[in-house]
Amino acid sequence: MPRYFDFRESLPKTETHRIQKAQLKQQGITPTTWDRDKGALVDSGRNTLRS
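These lines cover the structure that appears in this document, whether it is placed above or below. Nothing here was measured: the structure is a model prediction, and the numbers come from that model.

### Section: the side chain of D35
Note that D35 resides in strand 2 (residues 34-35). A polar contact is formed between the side chain of D35 and the side chain of R3, at a distance of 2.9 Å.

See below:
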């Protein structure tokens, strides 16, 4: 099970409609990322914002 979850309205896709996973990895952890282990949102420095 993944540790980090980030729900988005859309995903970056190629012209052939494949998800651009490298672009998602490059974006990294965002302020809307959910950390399963901490049960909280995290910031880009991986600090807990709220639980």
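And the narrative resumes.
### Quick word on the pattern of salt bridges
Overall, the coordinates contain four salt bridges when judged by the stated rule. In this structure, the salt-bridge partner of R3 is D37, at a minimum N-O distance of 3.4 Å. Of the two residues, R3 is situated in the segment before strand 1 (4-5) and D37 in the loop between strand 2 and strand 3 (40-42); the sequence distance between them amounts to 34 residues. You can call R3 partly exposed: its relative accessible area is 31%.

### Points about the layout of surface pockets
In this structure, the largest pocket occupies an estimated 230 Å³ of space. Every residue along the wall of the largest pocket is listed here: Y4, F5, D6, R8, L11, K21, L24, K25, G28, I29 and T33. Looking at the lining of the largest pocket, the elements with two or more residues in it are strand 1 and helix 1 (21-27). Broken down by element, the lining of the largest pocket gets its largest block of residues, three residues, from helix 1.

### Let's talk about the environment of R18
Residue placement: R18 occurs in the loop between strand 1 and helix 1. Not counting chain neighbours up to four residues away, the residues in contact with R18 comprise P12 and K13.

### Points about unusual backbone geometry
Unusually for a residue other than glycine, H17 sits at a positive phi of about 70°. Turning to its location among the elements, H17 is positioned in the loop between strand 1 and helix 1.

### Re the side chain of T30
Mapped onto the elements of the fold, T30 is located in the loop between helix 1 and strand 2. In this structure the side chain of T30 is engaged in a polar contact, spanning 2.9 Å, whose partner is the side chain of D6.

What counts, and where the lines are drawn
- Residues numbered from 1 in each chain as written.
- Predicted model: local features only at pLDDT ≥ 70, side-chain atom pairs only at ≥ 80, totals over all residues.
- Heavy atoms only, no water.
- Helix = DSSP H or I, 4+ residues; strand = E, 2+ residues; numbered from the N terminus.
- Polar contact = N/O pair within 3.5 Å; in protein donor to acceptor, adjacent residues only side chain to side chain.
- Salt bridge = Lys/Arg side-chain N within 4 Å of Asp/Glu carboxyl O.
- Buried < 20%, exposed > 50% of the residue type's maximum accessible area, 1.4 Å probe, protein only.
- 1 Å grid on protein atoms, 1.4 Å probe; cavity = no way out; pocket = protein on both sides within 12 Å on 5 of 7 lines; lining within 4 Å.
- Points joined across faces, edges and corners; volume = space filled by probe spheres on them.
- Contact = heavy atoms within 4.5 Å.

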